[in-house]
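Chain and residue survey
Here is how the chains run, residue by residue.
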Amino acid sequence: MILDGKALANKVLESVEERVKQLAVQPHLVVILVGENPASRIYVRNKKLAAEKVGIKSTVIELLSTISEEELLDKITELNEDKDVTGILVQLPLPEHIDKNKVITAISPKKDVDGFTPENVGRLVTGLEPYYYPATPQGIIMLLDEYNIQIEGADAVVIGRSNIVGKPVAQMLLRRNATVTMAHSHTKNLEDKIKTADIVISAAGKKIVRCKMVNKNSCVIDVGIFRDTNGKLTGDVDFDCVSSTVKYISPVPGGVGPMTIASLMYNASKVYL
Ligand code: GUN
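Counting restarts for each chain, with residues numbered from 1 along the sequence as it is written. Reporting of local features is limited, given that this is a predicted model, to residues whose pLDDT is at least 70; pairs of side-chain atoms are given and counted only at 80 or more, and all residues count toward the totals for whole chains, interfaces and linings. Hydrogens and water are ignored here; the side-chain numbers use all heavy atoms of the structure.

Some thoughts on the pattern of salt bridges
Salt bridge, as used here, is a side-chain nitrogen of Lys or Arg placed within 4 Å of a carboxyl oxygen of Asp or Glu. Here the structure, examined in full by the defined rule, presents 11 salt bridges. Across the salt bridge formed by glutamate 62 and arginine 41, the nearest N and O atoms sit 3.1 Å from each other. Of the two residues, glutamate 62 is situated in strand S2 (residues 57–63) and arginine 41 in helix H2 (residues 38–54); the sequence distance between them amounts to 21 residues. One salt bridge connects lysine 102 with glutamate 69, and the closest N-O pair in it is separated by 3.0 Å. With lysine 102 in helix H4 (residues 100–106) and glutamate 69 in helix H3 (residues 69–81), this residue pair connects regions lying 33 residues apart in the sequence. Type-normalised accessible area, obtained with a 1.4 Å probe on protein chains alone, sets the label of each residue: buried when under 20%, exposed when over 50%, and partly exposed for intermediate values. Assessed through its relative accessible area of 46%, lysine 102 is described here as partly exposed. Each of Glu36, Arg41 and Glu62 takes part in salt bridges that share partners, so that together they form one network. In this description a helix means any DSSP run of H or I spanning at least four residues, a strand means any run of E spanning at least two, and both kinds are numbered starting from the N terminus.

What follows is the structure in C-alpha cells.
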C-alpha cells in the first residue's frame, strides 16, 4: 500500500486553516533565508505559499550570505521580542562562517516552529511536552497514524542521524514505545538490521534501501529527495522493487515532502503568547 502523503497533507492543511480561523490572533511566521542556496529558495517559497493558503501571515527575510553572525543574532533577538511575530524559522544550511547551533539556540523556544532549540529538543528527549515537534518527524508520525501502522512495540530502524530528521524521529518513536535502532554511515550489517524491522525510516540522502533488504510485513518511509542521473526526483529507497515487497511504502515525491510542509503549518498555527 502506498502511503499518500499528499492526500493526508491536504487534510492536515484544511484542519490548520479551520484552526487559524478560530484563533484570536493571526499567527505570523517569519522565515529567515541567508544567501543564495537554490534548494533553500524553493523550500522557503513553498513554506510561504502554504502559509498563505491556510491564513497564516508570513514574512520572508532575505539576508546576504556575507551577513555576520552577530547581525543575524541581533535580527533574531528583535524577532523574539516582536509581539506580532509568533513563529521564527531560520532556513538551513547557513553559510560556513555562521555557527548554526548558536543561531538556533538564540530563537525563543515558544517561537521555534522547527523544534530545533535545545529547550525543545531537551523537552522531546526527557518526555516533557515540547512547544513544537520538528516538522518532518511529526509529519512522518502523522502518516503512520493515519494508516494505523502500529508504533508501540515495533522494531524501527532509522537510517541517518541528523538533528532535523534522524535524531528527533528516533526520539518520537521511542516516546511511542518502539524499539529503535539508529543506523548511520558507520553502521555494520545494515541489511540484517533492516531485514527484521517493522518500520524503516530512511533519511540518508542517497540510494540505500534495496529490494533484498526488506521484509514483506514492513513499512518503509522514504525521507530522501534528490535527482537521479536522469534528472528525475527520487528518494533513498529503490521504490519499484521495494514497493512490490513491503506492506506499506511512502513514495517520492508525494510522501514525506508534503507532510513536512503540512506539519510545519500545524506548528506555525500554534501561538504561545
Ligand atoms: N533545511 C532542510 N530542512 C529544514 C527544516 O526542516 N528546517 C529548516 N529550518 N531548514 C531546513
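There's plenty left to go through after this.
Brief notes about the site of the ligand
Close to the ligand lie Leu89, Val90, Gln91, Leu92, Asp114, Phe116 and Ile164, which account for all nearby residues. Polar contact is the term for a pair of N or O atoms within 3.5 Å; when the atoms are in protein, one must be able to donate a hydrogen and the other to accept it, and sequence-neighboring residues count only if both atoms are side-chain atoms. Here a nitrogen atom of the ligand sits 2.8 Å away from a polar atom, N or O, in the main chain of valine 90. Contacts to the ligand include leucine 92, whose backbone N or O atom sits 3.0 Å from a nitrogen atom. The Shrake-Rupley method, run with a 1.4 Å probe, gives the accessible areas here. Residue values count only the displayed protein chains as cover. Calculation on the ligand without its partners gives an accessible area of 280 Å², and the protein chains cover 81% of this total. Cavities and pockets were defined on a 1 Å grid built over protein atoms only: a cavity is a set of grid points that admits a 1.4 Å probe from which the probe cannot escape, a pocket is an open set flanked by protein on both sides within 12 Å along at least five of seven lines, and lining residues are those with an atom within 4 Å of any such point. In this scheme, a molecule is assigned to a cavity or pocket if more than half of its atoms are within 2 Å of the grid points. The pocket occupied by the ligand, as judged from atoms lying within 2 Å of grid points, is the largest pocket. Across the shell around the ligand, the residue classes tally to 5 nonpolar, 1 polar and 1 charged. Note on terminology: near, applied to a residue and a molecule or strand, indicates that one of the residue's heavy atoms is within 4 Å of it. In this count, Pro and Cys sit with the nonpolar residues alongside Ala, Val, Leu, Ile, Met, Phe, Trp and Tyr, while Asp, Glu, Lys and Arg are called charged and the others, Gly among them, polar.

Here's the deal with the packing of aromatic side chains
Centre distance and the angle of the planes are the two values used to describe a pair of aromatic rings. Any two rings among Phe, Tyr and Trp, with Trp reduced to its six-membered ring, count as a pair given centres within 6.5 Å; such a pair is stacked if its planes are under 30 degrees apart, edge-to-face if over 60, and tilted if neither. By the definition in use, this model includes 2 aromatic pairs. Taken together, a centroid distance of 5.1 Å and an interplanar angle of 75° make the contact between tyrosine 131 and tyrosine 272 edge-to-face. With a gap of 141 residues between them, tyrosine 131 in the loop between helix H5 (118–126) and helix H6 (135–146) and tyrosine 272 in the segment after helix H10 (256–268) connect regions that are remote in the sequence. With a relative accessible area of 17%, tyrosine 131 lands in the buried category.

Brief notes about the pairing of strand S5 (residues 179–183)
The criterion for strand pairing is that DSSP finds at least two bridges linking the strands in question. As defined by bridge partners, strand S4 (residues 155–159) adjoins S5 across 5 bridges and the pair is classed as parallel. Bridge pairing in S5 links valine 157 to threonine 181. Between the parallel pair S4 and S5, the chain is carried across by helix H7 (residues 166–175), and the sense of this crossover is right-handed. By convention, a crossover is right-handed whenever its connection, traced from the first strand over the helix to the second and viewed with the strands pointing away, goes clockwise.

Re the packing of H5 against H7
When two helices pack together, their arrangement is given by the angle between the helix axes and the distance between those axes. Two numbers describe how H5 lies on H7: the axes approach to 9 Å, and their chain directions differ by 35°. In this structure, H5 uses Arg123, Leu124 and Val125 to contact H7, whose residues at the interface are Pro168, Gln171, Met172 and Arg175. The residue inventory of the contact of H5 with H7, partitioned by class, reads 4 nonpolar, 1 polar and 2 charged. Only the stretch in contact is used when fitting a helix axis, every axis being a line fitted to C-alpha atoms; angles between N-to-C directions are given from 0 to 180 degrees. Residue contacts follow a heavy-atom distance rule, with two residues in contact if any of their heavy atoms lie within 4.5 Å.

Quick word on the sheet that holds S2
Sheet architecture is open: 3 strands sit in the order S2-S1-S3, paired in parallel fashion. Bordering the open sheet on either side are S2 and strand S3 (87–90), each of which pairs with just one other strand. Within the sheet, the average angular offset between the axes of one strand and its neighbour, ignoring direction, is 15°. Across 4 bridges, strand S1 (residues 28–34) lies against S3 in parallel orientation. Along S3, the bridge assignment pairs isoleucine 32 with valine 90. Across the sheet, H2 lies against S1, S2 and S3, angled at about 160° from S2, the strand it touches most.

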